[in-house]
Amino acid sequence: MSGSRCARLGGPLVRQLLDSVDSVLFDCDGVIWRGDQAIPGAARVISLLKQRGKKVFFVTNNSTKTRKMYADKLSSLGFDAAEDEVFGTAFCCAAYLRSECGLRGKVYLVGSDAMRQELEAVGIQAVGVGPDPVSGKQLDWASVPLDPEVQAVVVGFDEHFSYMKLNRAMQYLTQKDCLFVGTNRDTRLPLEGGKAVPGTGCLLQAVETAAQRQAQTVGKPSRFMFECVARRFGLRPERCLMVGDRLDTDILLGSACGLKTLLTLTGVSTAAEAAAHRDSGDDERRAMVPDYYVESIADLLPALQGEDDPSL
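Bear in mind that the values here come from a model prediction, so they are computed numbers and not experimental data.

A. View of the UniProt feature "binding site: substrate" (unreviewed entry) in the protein. Taking the numbering used here, the UniProt-annotated feature "binding site: substrate" (unreviewed entry) corresponds to Lys 220. With respect to the secondary-structure elements, Lys 220 resides in the loop between β13 (216–217) and α9 (223–233). With a relative accessible area of 3%, Lys 220 lands in the buried category. Leaving out residues up to four positions away in the same chain, Lys 220 has contacts with Asp 27, Val 59, Thr 60, Asn 61, Asp 186, Met 225, Met 242, Thr 249, Asp 250 and Leu 253. For Lys 220, the side chain forms a polar contact with the side chain of Asp 27, separated by 2.8 Å.

B. Expanded view of the side chain of Asp 132. Relative to the helices and strands, Asp 132 is located in the loop between β8 (126–127) and α6 (138–142). Relative accessible area serves as the criterion here: at 15%, Asp 132 is assigned to the buried category. With near-sequence residues (within four places) excluded, Asp 132 lies in contact with Tyr 108, Ser 162, Met 164, Lys 165 and Arg 168.

C. View of the UniProt feature "binding site: Mg(2+)" (unreviewed entry) in the protein. When the UniProt feature table is mapped onto this chain, "binding site: Mg(2+)" (unreviewed entry) is found at Asp 27, Asp 29 and Asp 245. A compact arrangement is adopted by the annotated residues: their sequence extent is 219 residues, whereas the largest C-alpha distance between any two is 8.3 Å. Of note, Asp 27 is situated in the loop between β2 (23–26) and β3 (33–34). Excluding residues within four positions of it along the chain, Asp 27 makes contact with Ile 32, Val 59, Thr 60, Lys 220, Met 242, Val 243, Gly 244, Asp 245 and Asp 250. Structurally, Asp 245 is set in the loop between β14 (240–244) and α10 (247–257). For Asp 245, a relative accessible area of 2% translates into the label buried.

D. Representation of the pattern of salt bridges in the model. For the structure on display, the rule yields 21 salt bridges. Asp 22 is the partner of Arg 239 in a salt bridge, and the nearest nitrogen-oxygen pair spans 2.9 Å. Within this pair, whereas Arg 239 is found in the loop between α9 and β14, its partner Asp 22 is found in the loop between α1 (12–19) and β2, the two being separated by 217 residues in sequence. Of the charged contacts, one joins Asp 80 and Lys 50 as a salt bridge, the two residues approaching to 3.7 Å between their closest N and O atoms.

E. Inspection of the side chain of Glu 208 at higher detail. Tracing the sequence through the fold places Glu 208 in helix α8 (residues 200–211). With residues up to four places along the chain from it excluded, the contact list for Glu 208 reads Phe 180, Arg 185, Arg 213, Gln 214 and Ala 215.

F. Representation of the packing of aromatic side chains in the model. Summed over all chains, the structure comprises eight aromatic pairs. For the pair Trp 33 and Tyr 70, a centre-to-centre distance of 6.1 Å together with 10 degrees between the ring planes defines the contact as stacked. Residue Trp 33 is found in strand β3, and its partner Tyr 70 is found in helix α3 (residues 67–76); the two are separated by 37 residues along the sequence. Here the aromatic rings of Tyr 96 and Phe 224 are separated by 5.2 Å at their centres, their planes lie at 80 degrees, and the arrangement is edge-to-face. Placement of the pair is Tyr 96 in helix α4 (residues 89–100) and Phe 224 in helix α9, with a sequence separation of 128 residues. Taking relative accessible area as the criterion, Tyr 96 reaches 15% and is therefore assigned buried. Taken together, Phe 57, Phe 87, Phe 91 and Phe 233 form an aromatic cluster joined through their ring pairs. For the cation-ring pair, Lys 65 lies above Tyr 70, with the distance from its terminal atom to the ring centre recorded as 5.6 Å. A cation over a ring is seen here: Arg 67 above Phe 91, with NZ or CZ 3.8 Å from the ring centre.

G. Structural view of the sheet that holds strand β1 (residues 7–8). Spatially, seven strands are ordered β1-β16-β15-β14-β2-β5-β6 in an open sheet, and the strand pairing comes out parallel. In the strand order of this sheet, the two ends are held by β1 and β6 (86–88), each with one partner. In this sheet, β6 lies alongside strand β5 (residues 55–60) in parallel orientation, the contact comprising three bridges. Across the sheet, the residue bridging to Val 59 is Phe 87, located in β6. Sitting on the sheet, α10 touches β14 and β15 (260–264), and the angle it makes with β15 is about 165 degrees.

H. Expanded view of the confidence of the model for the protein. Residues at a pLDDT of 70 or more form 97% of the protein, whose mean pLDDT is 94. Below pLDDT 50 for its whole length, residues 308–312 participates in six contacts with residues either more than four positions away or in separate chains.

I. Representation of the domain arrangement of the protein in the model. Splitting the protein by domain gives domain 1 (2–61 + 221–305) and domain 2 (103–217). Summarising the inter-unit geometry, the C-alpha centres of domain 1 and domain 2 are found 31 Å apart. Contact residues are listed per partner, giving seven residues for domain 1 and seven residues for domain 2. Summed over the three residues of domain 1 that lose the most area to domain 2, namely Asn 61, Ser 222 and Arg 246, the buried surface amounts to 65% of that side. Where domain 1 touches domain 2, the interface holds one salt bridge. Among the ionic pairs, Asp 186 bridges to Arg 246, the shortest N-O distance being 4.0 Å.

Calculation criteria
Residues numbered from 1 in each chain as written. Predicted model: local features only at pLDDT ≥ 70, side-chain atom pairs only at ≥ 80, totals over all residues. Heavy atoms only, no water. UniProt positions renumbered as here; feature names shortened; annotations may be inferred. Helix = DSSP H or I, 4+ residues; strand = E, 2+ residues; numbered from the N terminus. Buried < 20%, exposed > 50% of the residue type's maximum accessible area, 1.4 Å probe, protein only. Contact = heavy atoms within 4.5 Å. Polar contact = N/O pair within 3.5 Å; in protein donor to acceptor, adjacent residues only side chain to side chain. Salt bridge = Lys/Arg side-chain N within 4 Å of Asp/Glu carboxyl O. Phe/Tyr/Trp six-rings, centres within 6.5 Å; stacked < 30°, edge-to-face > 60°. Lys NZ or Arg CZ within 6 Å of the ring centre and 35° of its normal. Pairing = 2+ DSSP bridges. Axes fitted to C-alpha atoms, helices over the stretch in contact; angles between N-to-C directions. pLDDT = per-residue confidence, 0-100. Domains from an automatic or database assignment. Buried area = accessible area lost by both parts, 1.4 Å probe.

This is how it looks when you write it as structure tokens:
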């Protein structure tokens, strides 16, 4: 392995790294696809890794799709992927509430219909999905009707987020026994052409501010995201590689869980940002430094195909 973190991966190091792992975890957007377009060469990389006996998993903070929806998208883009290889925050949130919290009641869900489906798949009923317009006066808002069976507030991405949803979540969370769970803290969702829209973290921070409580998050960089995969497939952290495009989620998760880490420059973070973290002298920032980086995961193809990389 390289003696210096944040090294450009190439040449013999590629084979050395791949030989040192049994499982590879990929973030999705910005790593294997952008929007509805696959990253060139990404599907071939996935296929060759599997042919070499590697376990491959897709780990995403996006909570707007079920595992099946993600598997369908992967298939439509030419990827060899099965539903049980996909771990999104909708699925992991449901797993957390059921296995870690032992929740048996309902949840008030600020989130998507996909999240509702994943919750109901493990026997948890969700209320609150869809628009919730404001009506009445402020005193009415403070006394908004609440479902007595709700035992948790869950916040994911919700295109219908509104003042009334914020208020209703706050009213539930004034009950001290009400659990509070968020999918992730990503504040911006990058789009093609350098554009971006507010992410789930913005909605979660609003609810936290109103409720004066902090949520437990399950998405990257939370260790639970990796544990959700590891427990089901018996993964050994030291034999896993995390591949991502964000230092503050993908790489930080890998560092926290003892995985090898690879940054790809087809998404959000840059090699310059990683190097600045490495040279900062700050331990928290250094936790976001990848072991290696590549321009694209297609850079792994020569080694996987048994070829020499003539550029190195």
